[in-house]
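Structural characterization, general
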Amino acid sequence: AGIPEITQLNFNVQAKNYSLQRLPVQLPDTADIAGNLDFSGQVTGKPTAPNIIGKLGLRNFQVQEFAFEPLLTGNVNSESGQGLSLDVAGVKERIAINLDGNNRPKSFLVQWQQALLSGAATGSDWGVNVANFPLKALNIAVPANTPLSPGGVRGLLTANLQINSQTLATAGNIAIEKPELGRIKGDRFRTQLRYDNNTFVLSDSELRKGESRYSFDANIKPWAKKPQLRAKINIEKGNIQDFLNAAQIFDMEDFQRGLK
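Worth saying up front: this structure is predicted, and the values here are computed from it rather than measured. (Residues numbered from 1 in each chain as written. Predicted model: local features only at pLDDT ≥ 70, side-chain atom pairs only at ≥ 80, totals over all residues. Heavy atoms only, no water.)

So, on to the overall build of the protein. Looking only at helices and strands, the protein has one helix and 17 strands in total. Looking at the protein residue by residue over its 260 residues, the buried ones come to 30%. Taking contacts inside the protein between residues at least 6 apart in sequence as the whole, the part at least 24 apart equals 31%. When the accessible surface of the protein is summed, it comes to about 17300 Å², and 53% of that surface belongs to carbon and sulfur atoms. (Helix = DSSP H or I, 4+ residues; strand = E, 2+ residues; numbered from the N terminus. Buried < 20%, exposed > 50% of the residue type's maximum accessible area, 1.4 Å probe, protein only. Contact = heavy atoms within 4.5 Å. Areas by Shrake-Rupley, 256 points an atom, 1.4 Å probe, with all protein chains shown as cover.)

Next comes the structure, spelled out in structure tokens:
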């Protein structure tokens, strides 16, 4: 009581090795973010919606399992009601993000190791491109006690997708080099994907394993009360040994796992 209210800011700010987890902003609950930042610039405007302009450095930046180069440097420009642009880069890796005046994403680009992820919004529709993304980094395990277990999801993902941000309806092309789904392993996988109304539709799909080629169309409802899978499969130049190796079947006792 009695202290004058601060209505405007006009600061020159220098920060070094400041923990991201100590920032006075609400980070997404689903993102496990770690690292420190350097900042040299100006903070002006209203305390509740400041403008931030300056040079930014991210040290040992990590999101979930994705650890970036030790130092990414660049610029940040955030103006109240106008949006935000952030662009930092290291020797080979880069993060660039643009938000609109309502803090909704307009575009993004992430280069991480050999992977490239980019996207741009047109209204509620997103065009997303993925190249050379290692699925192993997502650390997805196949549920235990299934014919596919043990194991996880592996491979090098390339994809071009159109995604509706409101309904999550998705369409596009997917290709995976050295795909693995638990015990099932292959050399190459590709498909045309559509997702809508909790249903995945895979068309013009192909899995190659050695000399074997498995082409199929499938309709999958994984989140129904009783999950459903319908598929039409064609085997060309099939090699039974490739199939048995893919399913990790080497002895007659292995059939006791419940192969159908």
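Here the narrative resumes.
What follows concerns unusual backbone geometry. If you check the backbone angles, lysine 178 has positive phi at about 55° while not being a glycine. Relative to the helices and strands, lysine 178 resides in strand E12 (residues 170–181). With relative accessibility at 54%, the residue lysine 178 sits in the exposed group. Of note in this structure, aspartate 204 is not a glycine but carries a positive phi near 50°. Summarising the element assignment, aspartate 204 is placed in strand E15 (residues 199–209). Aspartate 204 sits in the partly exposed class, given a relative accessible area of 42%.

What follows is about the pairing of strand E3 (residues 49–63). Summarising the sheet, strand E2 (residues 33–46) and E3 pair through 13 bridges and their orientation is antiparallel. By the bridge assignment, phenylalanine 39 is partnered in E3 with leucine 56. Of the pairings in the sheet, the one linking E3 to strand E4 (residues 66–67) comprises two bridges and is antiparallel in character. Bridge pairing in E4 links valine 63 to phenylalanine 66. (Pairing = 2+ DSSP bridges.)

Secondary-structure assignment places glutamate 93 in the loop between strand E6 (83–89) and strand E7 (94–99). As a C-alpha pair, glutamate 93 and glutamine 111 span 18 residues in sequence and 4.9 Å in three-dimensional space. Ignoring anything within four residues of it in the chain, the contact list for glutamate 93 reads Phe68, Glu69, Leu72, Val88, Gln111, Trp112 and Gln113. In terms of polar contacts, glutamate 93 uses its side chain to reach the backbone amide nitrogen of glutamine 113, at 2.9 Å. (Polar contact = N/O pair within 3.5 Å; in protein donor to acceptor, adjacent residues only side chain to side chain.)

Moving on to the pairing of strand E5 (residues 71–79). As judged from the eight bridges shared by E3 and E5, these two strands associate in the antiparallel manner. Of the residues in E5, the one forming a bridge with lysine 55 is asparagine 75. Examined bridge by bridge, E5 and E6 share seven bridges and lie antiparallel to one another. Paired with asparagine 75 across the strands is aspartate 87, a residue of E6. Where E5 folds back onto E6 in an antiparallel hairpin, the turn is made up of three residues, including glycine 81, whose phi is positive at roughly 80°.

Turning to the side chain of aspartate 100, a few remarks are in order. Along the chain, aspartate 100 turns up in the loop between E7 and strand E8 (105–112). Of the polar contacts made by the side chain of aspartate 100, one reaches the backbone nitrogen of arginine 104; its length is 2.8 Å. Aside from chain neighbours lying at most four places away, what touches aspartate 100 is Gln82, Gly83 and Lys106.

So, on to the confidence of the model for the protein. Looking at the protein, pLDDT values average 88 and 88% of them are 70 or higher. Across the protein, strand E14 (residues 188–196) holds the top mean pLDDT of 96, while helix H1 (residues 240–246) sits lowest at 63. (pLDDT = per-residue confidence, 0-100.)

This brings us to the pattern of salt bridges. Inspection of every chain in the model, using the stated rule, returns ten salt bridges. Here arginine 208 ties to glutamate 206 by a salt bridge, and the two come within 2.9 Å at their closest N and O atoms. The partner of arginine 213 in a salt bridge is glutamate 236, and the shortest N-O contact between them spans 3.1 Å. Of the two residues, arginine 213 is situated in strand E16 (residues 212–221) and glutamate 236 in strand E17 (residues 228–236); the sequence distance between them amounts to 23 residues. With a relative accessible area of 25%, arginine 213 lands in the partly exposed category. Members of the salt-bridge network, linked through shared partners, are Arg190, Asp204, Glu206, Arg208, Arg213 and Glu236. (Salt bridge = Lys/Arg side-chain N within 4 Å of Asp/Glu carboxyl O.)

Okay, the environment of phenylalanine 68 next. Among the structural elements, phenylalanine 68 can be located in the loop between E4 and E5. Take phenylalanine 68: its relative accessible area is 12%, and that puts it in the buried class. Considering only alpha carbons, one finds phenylalanine 68 and glycine 35, 33 residues apart in sequence, at a separation of 9.8 Å. Non-local contacts of phenylalanine 68, meaning those with residues more than four positions away in its chain, are made with Phe61, Glu93, Ile95, Val110, Gln111 and Trp112.

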